[in-house]
Amino acid sequence: MMKKLFFFLMMCLSLSAWAAGSPKIDIGKGGQCVEDPQWMRKNHMHLLKHGRDDALRRGIRDEKHSLKNCIECHASTKDDSAIARADSFCVSCHSYEAVKIDCFECHSGTRKSAWLQQRNAK
Ligand code: HEC
Ligand code: HEC
Ligand code: HEC
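Throughout what follows, the structure given in this document is the object of discussion. (Residues numbered from 1 in each chain as written. Chains lettered and ligands numbered in written order. Predicted model: local features only at pLDDT ≥ 70, side-chain atom pairs only at ≥ 80, totals over all residues.)

### Some words on the overall build of the chain
- Per the secondary structure count, the chain includes 6 helices and 0 strands.
- What you see in the chain, going N to C, is helices and strands ordered as α-α-α-α-α-α.
- The buried share of the chain, taken over its 122 residues, is 14%.
- Pairs at least 24 apart in sequence give 63% of the contacts found in the chain among residues at least 6 apart. (Helix = DSSP H or I, 4+ residues; strand = E, 2+ residues; numbered from the N terminus. Buried ≥ 20, exposed ≤ 12 C-beta atoms within 10 Å, placed from the backbone. Contact = placed C-beta atoms within 7 Å.)

Written out as structure tokens, the structure reads:
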């Protein structure tokens, strides 16, 4: 009886912690972000947007800040995707903040090295 009650209380506690806290994020592979993570949290959208992007307008490719490069690191080590699950990197905060991005209709959300490996295995 006590055990059941304890379990129930723990569940309530963790649920409320989850609701009040920040979203759970699968950071991906790890390593060092291309910019300061604190800065990135606020400014990644400006780096990535079409139109504002000098790399796109002037035809200069900045590999370091390319979307492919972000996905290479931030795709999950579980499924090689940055968008497949609710806690996938590029989804987690956005659903929490109700931001909708349509980038992955055209761009791949899967780690390139992973699908290359799959393709070569065939
Ligand atoms: C070499 C691997 C790597 C690359 C490439 C990379 N990141 Fe990161 N990034 C990380 C790691 C690791 C963290 C977590 C650092 C920490 O929390 O201390 C991070 C943190 C972040 C954060 C903050 C997450 C949070 O919890 O607040 C954002 C946003 C972000 N990255 C976006 C991007 C974007 C957009 C790109 C592409 C332009 C990118 N990153 C490229 C490794 C990478
Ligand atoms: C209608 C299709 C389409 C959509 C939607 C789209 N893009 Fe793109 N994007 C392209 C094409 C085409 C290129 C140029 C070809 C290339 O670089 O692979 C490009 C290039 C880029 C580049 C520079 C190259 C690279 O790999 O980094 C970035 C960054 C980028 N897009 C980010 C985004 C982001 C962020 C979104 C969502 C807000 C988005 N795109 C939505 C088609 C699209
Ligand atoms: C740490 C949380 C967090 C992570 C992780 C994150 N984002 Fe965001 N992103 C945000 C927030 C918050 C906004 C909205 C900011 C605003 O409204 O000014 C946003 C906005 C954007 C926008 C602009 C959307 C628009 O219509 O204005 C793009 C594009 C974008 N994110 C791309 C990405 C991509 C690609 C990834 C994965 C590599 C990613 N984000 C990961 C928090 C995050």
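### Thoughts on the site of ligand 3
- Looking at ligand 3, there are 18 residues lining it, with M45, C70, C90, C93 and E97 nearest.
- Elements with a minimum of two residues in the shell around ligand 3: α2 (37–48), α4 (67–74) and α5 (89–97).
- Looking at the shell around ligand 3 residue by residue, the class counts come to 11 nonpolar, 4 polar and 3 charged. (Near = placed C-beta within 6 Å. Nonpolar A, V, L, I, M, F, W, Y, C, P; charged D, E, K, R; others polar.)

### What to know about the nonpolar core
- In terms of nonpolar packing, the biggest core is built from 8 residues, these being C70, I71, A75, A82, I83, F89, C90 and V91.
- Those elements that provide at least two residues to this core are α4 and α5.
- Per element, the largest residue contribution to this core is 3 residues, and it comes from α5.
- Dropping the residues within four chain positions of it, F89 is found in contact with I25, D26, I27, G28, H74 and A82. (Core = buried A, V, L, I, M, F, W, Y, C linked by C-beta atoms within 7 Å.)

### Observations regarding the environment of A82
- Locating A82 in the fold gives a position in the loop between α4 and α5.
- Sequence separation between A82 and I27 is 55 residues, and the spatial gap between their C-alpha atoms is 8.9 Å.
- Setting aside residues up to four positions removed in sequence, A82 forms contacts with G28, I71, H74, A75, S88, F89, C90 and G109.

### A word on α5
- Turning to α5, its buried residues are F89, C90, V91 and S92.
- Taken together, the buried residues of α5 touch α4.
- Backbone geometry just downstream of α5 places A98 in the positive-phi region, at approximately 60°.

### Describing the environment of D26
- With respect to the secondary-structure elements, D26 resides in the loop between α1 (2–20) and α2.
- Sequence separation between D26 and A75 is 49 residues; the distance between their C-alpha atoms is 8.2 Å.
- Apart from the residues within four sequence positions on either side, D26 is in contact with S76, D87, S88 and F89.

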